Amino acid sequence: MVNEELFYKISNDHSISSEEEDVLVRSYSNLNVSFGYHCNSYPSFSLDTDDDEISPKKRLEINTNMASSNGSFTCLSGAAISANFTLANTNICKGLIGEEILPELDSPNSFRKIVSSPSMSRLDLLSTSQGSPVSTESSIFEISKNIWRSSAPTTVSSNFLTGTEIKMAGGAAGEDRVQAVCSEKNGWLICGIYDGFNGRDAADFLAVTLYDNIVYYLYLLECRIKQENSLYGSAEHSLNGVKSELTLAMRFAENEDVKFSETFRAGVLNCLTTAVEQAENDFLCMVEQEMDDRPDLVSVGSCVLVVLLHGTDLCILNLGDSRAVLASMPYAGTDKLKAVQLTETHSLENPLEYQKLLADHPNEPSVVMGCKIKGKLKVTRAFGVGYLKQKKFNDALMGILRVRNLCSPPYVYTNPYTVSHKVTEGDLFVVLGSDGLFDFFSNDEVVQLVYQFMHDNPIGDPAKYLIEQLLHKAAKEAALTDEELMRIPVGSRRKYHDDVTIIVIILGNAQRTMTASISL
């Protein structure tokens, strides 16, 4: 493990020995994904300068000034490590996803600029031809979707999620997928963690399609707002009236300091929900087409955690047991750190979810067997996993893989939890993590670890550090050294820990009580 003394030496520009350097290289080489981003918002100093030319004192000064900006975030880091064995690239959608689209989206060690996402122009989403899309106005949906695909770069130039200076990072660790897409110029950030199970296909599908779905439905939202505002007379009337959302949306595109209205914020949450529903429809249509050749697809699923941050508005969607935990110091003049879970836990470990499942199937004695739904799954809400939602998918399985007594599906639900949070001066950072992180640490422990690390290591990487601490704890519980644990091959290592994916977002508030930077 990279110990705290070594991190301290690096953070304070102290020399390290060749042996310590080897430890650092071995430790970071174990990570499947490791990326970072820090906002280039310090007005009198260029962060493009060679890192060797920036003294630790100057770097800390840069970070302090960055932390005083009013941006949505100052920096973020992401890291992931695998424990499950899985194929590197899946072959769904005739290989298009695994062979062409995913390699363009993957950037395990850095952010890269993107002109437009490749998936909408090349992936023929099945719902528009094979199934029913989410929209109730099917013909309008199909026409607008085709227009969107053919002219996305120019048609939605006013949308605050598109335009110039968009950067993306992402990759896979075992069955997990992680994505971060940001535009520092327009002041927004979207992060997604897709914790796959029974294979990586569902998580891969989300990585390819969900961001495009979100952008598309936000585009429709703006179009609807524009149409509604045209019915309310002059621009002055729109500005003074309740329905002034179009003006707000356009100001987002111009990067003006305008806050979400409650109506528009609710619309954004609805867009996130509809985007997931659309992805679910598309995925299950694909599964139905391919399940004769690949019946395993009916059991593949994923948890979903999506965060959209713009200014001081944080919009969150979750499906499953991944978490978003906010670290806050709500009381001025105190050092008491508070951990606030912003997501719901959709698993049998949540008594509310457990009771809802039983209430929905009152005449079935075998809904929960062996602490799992139908003896198969612990999460109560998830993307995919068609065989616990529709009988036709279960019938595609043979022998012991098929669920017996599937009397009244669905047993796993797709309705996500959504919430918006107004970031305050006391809010410091948000930790996003797949459930593998919380197998070892509580919410309070996670925020304390990040806070203390960032306090001691202003140029350190909190996401990597959390994984280092998790591996150390997993090794200790198994009576192994860290090196012995990491020598265990993936697949066998699942006995000791799950796939783990983490994103740490440092919020950009005016009253910052700590500083941090992420090295790229």
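Residues numbered from 1 in each chain as written. Predicted model: local features only at pLDDT ≥ 70, side-chain atom pairs only at ≥ 80, totals over all residues. Heavy atoms only, no water.

1. Some thoughts on the sheet that holds strand 9 (residues 323–328)
Working step 1: Here six strands make up an open sheet; going across it, the order is 1-2-16-15-9-10 and the pairing antiparallel. The open sheet has two edge strands, strand 1 (33–38) and strand 10 (338–341), and neither has a second partner. Between one strand axis and the next, the sheet turns by 15° as a mean value, whatever way the strands run.
Working step 2: In this structure, strand 1 lies alongside strand 2 (residues 73–81), joined through six bridges in antiparallel fashion. Paired with His38 across the strands is Cys75, a residue of strand 2.
Working step 3: In this fold helix 14 (residues 443–456) packs onto strand 9, strand 10, strand 15 (427–433) and strand 16 (500–507), with an angle of close to 120° to the strand it touches most, strand 15. (Pairing = 2+ DSSP bridges. Helix = DSSP H or I, 4+ residues; strand = E, 2+ residues; numbered from the N terminus. Axes fitted to C-alpha atoms, helices over the stretch in contact; angles between N-to-C directions. Contact = heavy atoms within 4.5 Å.)

2. Examining empty space enclosed by the protein
Rolled over the atoms, a probe with the dimensions of a water molecule shows which regions are left empty.
Working step 1: A full pass over the atoms with the stated rule returns three cavities of 30 Å³ or more.
Working step 2: Taken as a whole, the largest cavity spans an internal volume of roughly 50 Å³.
Working step 3: In terms of lining residues, the largest cavity is bounded by Gln179, Val181, Ile190, Cys191, Gly192, Tyr194, Tyr211, Ile214 and Val306.
Working step 4: Every element with two or more residues in the lining of the largest cavity is listed here: strand 5 (176–183), strand 6 (188–197) and helix 7 (201–229). (1 Å grid on protein atoms, 1.4 Å probe; cavity = no way out; pocket = protein on both sides within 12 Å on 5 of 7 lines; lining within 4 Å. Points joined across faces, edges and corners; volume = space filled by probe spheres on them.)

3. Topic: the pairing of strand 8 (residues 313–319)
Working step 1: Most of strand 8 is tucked away: seven of the seven residues are buried.
Working step 2: Bridge count between strand 7 (residues 301–310) and strand 8: seven bridges; the pairing is antiparallel. Paired with His310 across the two strands is Asp313, which belongs to strand 8.
Working step 3: Counting the residues between successive antiparallel strands, the hairpin from strand 7 to strand 8 contains two residues, one of them, Gly311, with a positive phi of roughly 60°.
Working step 4: Examined bridge by bridge, strand 8 and strand 14 (residues 417–422) share six bridges and lie antiparallel to one another. From the neighbouring strand, Leu314 faces strand 14, where its bridge partner is His421. (Buried < 20%, exposed > 50% of the residue type's maximum accessible area, 1.4 Å probe, protein only.)

In short, shape yes, function no, at least from these values alone.
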